[in-house]
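# Inside the fold
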Amino acid sequence: MEKKKLLKNKIVDTLPVLYLETVILMVLGQFLGNFVLGIPVGIAYARNPEILNSAFLNTTLMYVIFWGIWAVALFWIGIRKRNRPILQAVGTKPQGNNWKYLLFGLVLGFALNGFCILIAWLHHDIVLTYDAIHPLWFVVVFLTVFIQSSAEELLCRGFLYQKLRRSYKNPVVAIVGNALLFALLHLANNGVTVLSVLNIFLVGILFSLMVYYMDSLWCAFAVHTAWNFTQNILFGLPNSGINVPYSVFKLDAATARDTLDLVSRERSLRILYFWLPVCCCISGEESMERNPWMCGQKHNIISILRKRHQVTSGAVQLCIRPRNGKRDILCNYSGQNEPCRLHPY
């Protein structure tokens, strides 16, 4: 019976099955978000058809429906005992999930996309005209963009990455595996090209490296949010092939020679993909010094120096040395399988 259970768990945690599980969660989440919000919006539209002419309302609805992914994903994680440790990656237990890295992610996301837009603007690939800014609308839309961006990160870098990290010893499987699905999910975008899919795949790898090195899912939330908000809402450029009705600046499509996805991203690709891993590695060193085996970080161990006396029934105290560490650290392990492996959560 125990062998059958282990075999079943191995099959359930294989890459194709986890891909299917993630896609189902995404579809169910979007359905829930659309269904629940569709009821009040439909009632409001029946009373006042002009309500859907509001650029602010349309933009807000486009993003806020992703709350359904949060609801479905957290429900699925919570009801399955094997998945519940993933909740720790979303909460404050990982030391990288703090306000410092959240702010760092927002600044980094704005700077990276702002740099791309600056290149396109200086090269006259795009022409932007100022429209208007409404402070309250600006804040509300930012929060809805955070819901959308963090929902995608919750599925890919939260659920899928953590499951793959647990199932496969090699972290490359988790890093590349979730980034590949992240890219495939964008194949239905308007105007999708080989370059745009490659770009999304590489961005997925970079977000995964942030979780791996910096121990911070929150930072990935923030970078993704700032990137989408800067491109879509602040400068009115298409994101994932979609132009939103509300934005601070408007793109002059008549004079634009190309879109940001096809021009400025291509020109800034080398700079973007060189500096972000460097930032992750530098920030990750500090995080690893604080806690060498929190969720998402590198868990490599040079050696298990010695196995000490049994402290409780079924529990063993190990003295280990992390790869980056200069001193031994005591670690209690209780369980039967893989006594020398520190899981990512």
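Residues numbered from 1 in each chain as written. Predicted model: local features only at pLDDT ≥ 70, side-chain atom pairs only at ≥ 80, totals over all residues. Heavy atoms only, no water.

## Comments concerning the overall build of the protein
- On a plain count of helices and strands, the protein comes out with eleven helices and five strands.
- Classification of the 345 residues of the protein by burial places 45% in the buried group.
- Across the protein, the fraction of contacts at a sequence separation of at least 24, relative to all contacts at a separation of at least 6, is 71%.
- With an accessible surface of roughly 17600 Å², the protein has 67% of that area assigned to carbon and sulfur atoms. (Helix = DSSP H or I, 4+ residues; strand = E, 2+ residues; numbered from the N terminus. Buried < 20%, exposed > 50% of the residue type's maximum accessible area, 1.4 Å probe, protein only. Contact = heavy atoms within 4.5 Å. Areas by Shrake-Rupley, 256 points an atom, 1.4 Å probe, with all protein chains shown as cover.)

## Topic: the packing of aromatic side chains
- Throughout the structure, instances matching the rule amount to twelve aromatic pairs.
- A centroid spacing of 6.0 Å and a plane angle of 15° characterise the contact between phenylalanine 31 and phenylalanine 35, whose relative ring orientation is stacked. With phenylalanine 31 and phenylalanine 35 both in helix H2 (residues 15–47) and four residues apart, this pair spans about one turn of that helix.
- Looking at phenylalanine 31, the relative accessible area reads 57%, which means it is exposed. (Phe/Tyr/Trp six-rings, centres within 6.5 Å; stacked < 30°, edge-to-face > 60°.)

## A word on unusual backbone geometry
- The backbone phi angle of histidine 124 is positive, close to 60°, even though this residue is not glycine.
- With respect to the element layout, histidine 124 can be found in the loop between helix H6 (99–122) and strand S1 (128–130).
- Of note in the backbone geometry, aspartate 215 takes a positive phi value of approximately 60° without being a glycine.
- Along the polypeptide, aspartate 215 turns up in the loop between helix H9 (194–214) and helix H10 (217–234).
- Given the relative accessible area of 1%, aspartate 215 is considered buried.

## What about the confidence of the model for the protein?
- Model confidence for the protein is summarised by a mean pLDDT of 78, while 70% of its residues fall at 70 or above.
- The spread of mean pLDDT over the elements of the protein runs between strand S3 (residues 301–312), the lowest at 35, and helix H4 (residues 67–79), the highest at 96.
- A low-confidence stretch, residues 260–271 (pLDDT under 50), is modelled with 31 contacts involving residues beyond four sequence positions or located in other chains.
- Contacts of residues 297–321 to residues separated by more than four positions or lying in other chains number 75 contacts, the stretch itself having pLDDT below 50. (pLDDT = per-residue confidence, 0-100.)

## A word on helix H8 (residues 171–184)
- Here H8 is 14 residues long and its end C-alpha atoms lie 20 Å apart, about the 20 Å a rise of 1.5 Å per residue gives.
- Buried residues of H8: Pro171, Ala174, Ile175, Gly177, Asn178, Ala179, Leu181, Phe182 and Ala183, and no others.
- Elements in contact with the buried residues of H8: H2, helix H7 (135–167), H9 and H10.
- Where H8 starts, the residue carrying a side-chain oxygen 3.0 Å from the main-chain nitrogen of valine 172 turns out to be asparagine 170. (Expected span 1.5 Å × (residues − 1). Polar contact = N/O pair within 3.5 Å; in protein donor to acceptor, adjacent residues only side chain to side chain.)

## With respect to H6
- In this model, H6 (24 residues) spans 34 Å end to end at C-alpha, consistent with the 34 Å of a helix rising 1.5 Å per residue.
- Buried within H6 are the following residues: Tyr101, Leu102, Gly105, Leu108, Gly109, Leu112, Asn113, Cys116, Ile117 and Ala120.
- Of the residues flanking the start of H6, the one acting as N-cap is asparagine 98, its side-chain oxygen 3.1 Å from the backbone nitrogen of lysine 100.
- Note on H6: the residue one or two positions beyond its end, histidine 124, has a positive phi of about 60°.

## So, the environment of phenylalanine 221
- Within the secondary structure, phenylalanine 221 is located in helix H10.
- Taking the C-alpha atoms as reference points, phenylalanine 221 and leucine 154, separated by 67 residues in sequence, lie 8.2 Å from one another.
- In this view, phenylalanine 221 contacts Trp70, Phe146, Ser150, Glu153 and Leu154; residues no more than four positions away in its chain are not counted.

## Some words on the pattern of salt bridges
- The tally for this structure, following the rule as stated, stands at two salt bridges.
- Where arginine 80 meets glutamate 21, a salt bridge forms, and the shortest distance between an N and an O atom there is 3.7 Å. With arginine 80 in the loop between H4 and helix H5 (86–90) and glutamate 21 in helix H2, this residue pair connects regions lying 59 residues apart in the sequence.
- Residue classification places glutamate 21 among the buried positions, given a relative accessible area of 10%.
- In this structure, arginine 157 engages glutamate 153 in a salt bridge whose closest nitrogen and oxygen atoms are separated by 2.7 Å. With arginine 157 and glutamate 153 both in helix H7 and four residues apart, this pair spans about one turn of that helix. (Salt bridge = Lys/Arg side-chain N within 4 Å of Asp/Glu carboxyl O.)

## Focus: the side chain of threonine 225
- Locating threonine 225 in the fold gives a position in helix H10.
- Since its relative accessible area comes to 0%, threonine 225 is described here as buried.
- Those residues within four positions of threonine 225 in sequence are excluded, and the remaining contacts are Phe142, Val145, Phe146 and Ser149.

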